[in-house]
Amino acid sequence: METNHQSSEQYPLNTALEEENQIIAEAKQLLYKRMTNRKYDQFTSPGAVRDYLRFHLAERKHEVFYCLFLDSQHRLLDDRELFRGTIDGCSVYPREVVKATLEVNAAAVILAHNHPSGVAEPSSADRQITDRLKNALALVDVRVLDHFVVGDQDVISFAERGLI
């Protein structure tokens, strides 16, 4: 009588991938817990924000527009994906960004979106929407601290480039 059992050696790649996915999931949970704890969630440098956004946006297959809503001490109040687009674009409506900002009573915002192409270089459309949002939010006394573009390898900060 033959027994039909599978060798664990037949699936070493799947097992390694599952282990990596589990480690990544745990790292995301730890980062989120750290960032939502009042002790750690001050976004005082582009590097801290860059790390946070890399986890949330880098692997997306479609473009998304994301906002971090901050209090007057630049602590995270809320973060939201406000708009979802296609592989090469996303429509952003300033009215909806202002509305979401007022809902959480934010004093400042950090804008972010990804480029599914992997190239993080800001486009002229990125610069235009940043200016429109900055002007719209200024009308309700909310500061736009930065706008980040997330690619495969890089995360570009408008503030570091003098674009904001």
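This structure is a prediction, so every number in the text was calculated from the model and none was measured.

Draft legend 1. Layout of the layout of surface pockets. By volume, the largest pocket is sized at about 210 Å³. Every residue lining the largest pocket is counted, 14 residues in all, and those nearest its centre are E63, C90, A125, D126 and I129. Looking at the lining of the largest pocket element by element, the count peaks at 4 residues for helix α4 (residues 124-138). Considered class by class, the residues forming the lining of the largest pocket number 5 nonpolar, 6 polar and 3 charged.

Draft legend 2. Main features of the pairing of strand β3 (residues 108-114). With 7 of 7 residues buried, β3 is to be regarded as a mostly interior element. Residues A108, I110, A112 and N114 of β3 are buried on one face, and the alternating residues V109, L111 and H113, pointing to the opposite face, are buried as well. Two elements, β3 and strand β4 (residues 143-150), share 7 bridges in a ladder whose sense is parallel. Paired with A108 across the two strands is R143, which belongs to β4. Each parallel crossover has a hand, and for β3 linked through α4 to β4 it is right-handed.

Draft legend 3. Spatial organisation of the packing of helix α3 (residues 94-103) against α4. Interaxial distance between α3 and α4 falls to 10 Å at its minimum, and their mutual angle equals 45 degrees. With respect to α4, the element α3 is oriented oblique. For the pair α3 and α4, the sense of crossing is right-handed. In this structure, α3 uses P94, V97, V98 and T101 to contact α4, whose residues at the interface are I129, R132, L133, A136 and L137. Taken together, the residues of the contact of α3 with α4 sort by class into 7 nonpolar, 1 polar and 1 charged.

Conventions and cut-offs
Residues numbered from 1 in each chain as written. Predicted model: local features only at pLDDT ≥ 70, side-chain atom pairs only at ≥ 80, totals over all residues. Heavy atoms only, no water. 1 Å grid on protein atoms, 1.4 Å probe; cavity = no way out; pocket = protein on both sides within 12 Å on 5 of 7 lines; lining within 4 Å. Points joined across faces, edges and corners; volume = space filled by probe spheres on them. Helix = DSSP H or I, 4+ residues; strand = E, 2+ residues; numbered from the N terminus. Nonpolar A, V, L, I, M, F, W, Y, C, P; charged D, E, K, R; others polar. Buried < 20%, exposed > 50% of the residue type's maximum accessible area, 1.4 Å probe, protein only. Pairing = 2+ DSSP bridges. Right-handed = clockwise from strand over helix to strand, strands pointing away. Axes fitted to C-alpha atoms, helices over the stretch in contact; angles between N-to-C directions. Parallel < 35°, antiparallel > 145°, perpendicular 65-115°, else oblique. Left-handed = near helix turned anticlockwise from the far one by under 90°. Contact = heavy atoms within 4.5 Å.

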